[in-house]
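# A look at the structure
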Amino acid sequence: MHELAIAQSIVALAEQQAQNRHAAAIEEVELEIGVLAGVDVKALDFAMKSSVKGTLMENARIVRHDIAGEGRCGDCANVFPVNRLFENCPACGSYAVNILKGKELRMKSIVMATIGLQP
Ligand SMILES: [Zn+2]
């Protein structure tokens, strides 16, 4: 399953960051997922739940931002919302559309709990 692989790489990346900073746990991970990224977010949520078990991310809150799609027409330069790939320009009907937004899949931030902060 595609989403399981994505979930596992998110967890691996977050854990690596936490280990680099000697964090005790990961409290929150913020993700940005574009509507055109080809990710089934329900399947990803489900995959995350199993992927975080036994990791530093086990109790982390996952904040997901869905990024809307946006494209610019290569023929008339019209900028318009895109909800699926291969949509044509609503102004001139051209299929020469450059996707500006909506394909992102990235980790925006990680909040970690550190150890050794006692006075
Ligand atoms: Zn156009």
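See the structure above.
Residues numbered from 1 in each chain as written. Predicted model: local features only at pLDDT ≥ 70, side-chain atom pairs only at ≥ 80, totals over all residues. Heavy atoms only, no water.

## Examining the overall build of the chain
Our working definition: Runs of E in the DSSP output that reach at least two residues are strands. Runs of H or I that reach at least four are helices, and both are numbered from the N terminus. Every radius of gyration here is taken over C-alpha atoms, with the globule rule written as 2.2 Å times N^0.38, N being the number of residues. Buried, partly exposed and exposed residues are distinguished by accessible area as a fraction of the type maximum, computed with a 1.4 Å probe on protein chains only: under 20%, between the cut-offs, and over 50%, respectively. Residue contacts are counted whenever heavy atoms from the two residues lie within 4.5 Å of one another. Shrake-Rupley sampling with a 1.4 Å probe provides the accessible areas, and residues are treated as covered by the protein chains on show and by no other component. Working convention for charge: Lys and Arg count positive, Asp and Glu count negative, and His plus the chain ends are omitted. Just so you know, the charge point we use is NZ for Lys, CZ for Arg, CG for Asp and CD for Glu.
Along the chain, the regular secondary structure elements total two helices and six strands. Helices (α) and strands (β) of the chain occur, in sequence order from the N terminus, as α-β-α-β-β-β-β-β. Here the C-alpha radius of gyration of the chain, 18 Å, is well above what a compact globule of 119 residues would show, namely 14 Å. For the chain, the spread of C-alpha atoms along the three principal axes comes to 65 × 35 × 20 Å. Every one of the 119 residues in the chain was classed for burial, and the buried ones make up 34%. Contacts in the chain between residues at least 24 apart in sequence constitute 72% of all its contacts with a sequence separation of at least 6. With an accessible surface of roughly 7,400 Å², the chain has 52% of that area assigned to carbon and sulfur atoms. Side chains of the chain carry 12 positive and 14 negative charges; the gap between the two charge centres is 1 Å.

## Observations concerning the pattern of salt bridges
To be explicit about the condition: Here, a salt bridge means any side-chain nitrogen of Lys or Arg that lies within 4 Å of a carboxyl oxygen of Asp or Glu.
Scanning all chains against the criterion turns up six salt bridges. With a shortest N-O distance of 3.8 Å, Glu30 and Lys108 are connected by a salt bridge. With Glu30 in strand S1 (residues 23-34) and Lys108 in strand S6 (residues 105-114), the pair connects residues that are 78 residues apart, well separated along the chain. Residue Asp66 pairs with Arg64 through a salt bridge whose shortest N-O separation is 3.1 Å. Each of Asp45, Arg64 and Asp66 takes part in salt bridges that share partners, so that together they form one network.

## Topic: the side chain of Ser94
Note the cut-off: Polar contact criterion, stated in full: a pair of N or O atoms within 3.5 Å, where within protein one must be able to donate a hydrogen and the other to accept it, and residues adjacent in sequence count only if both atoms are side-chain atoms.
Mapped onto the elements, Ser94 comes out in the loop between strand S4 (79-81) and strand S5 (97-101). Here the side chain of Ser94 touches Asp75 through a polar contact of 2.6 Å, side chain to side chain. If we skip the residues at most four places from it in the chain, Ser94 touches Cys73, Asp75, Asn88 and Cys89.

## A closer look at the coordination of the zinc ion
Test applied: Note that water is not among the atoms considered, so a metal site may appear incomplete; the donors listed are N, O and S atoms within 2.8 Å of the metal, with 3.2 Å applied to Na, K and Ca. For four-coordinate sites, all angles between 85 and 135 degrees define a tetrahedron; for four- and six-coordinate sites, opposite donors beyond 155 degrees with the remaining angles between 65 and 115 define square planar and octahedral shapes respectively, and all other cases count as irregular.
Protein coordination at the zinc ion: the donors are Cys73 (SG), Cys76 (SG), Cys89 (SG) and Cys92 (SG), at 2.3 to 2.4 Å from the metal. Taken together, the four donor atoms coordinating the zinc ion span angles of 106 to 115° at the metal, a pattern that classifies the geometry as tetrahedral. Site description for the zinc ion: donor spacing in sequence, C-x2-C-x12-C-x2-C. With Cys73 in strand S3 (residues 70-73) and Cys92 in the loop between S4 and S5, this residue pair connects regions lying 19 residues apart in the sequence. Judged by its relative accessible area of 2%, Cys73 is buried.

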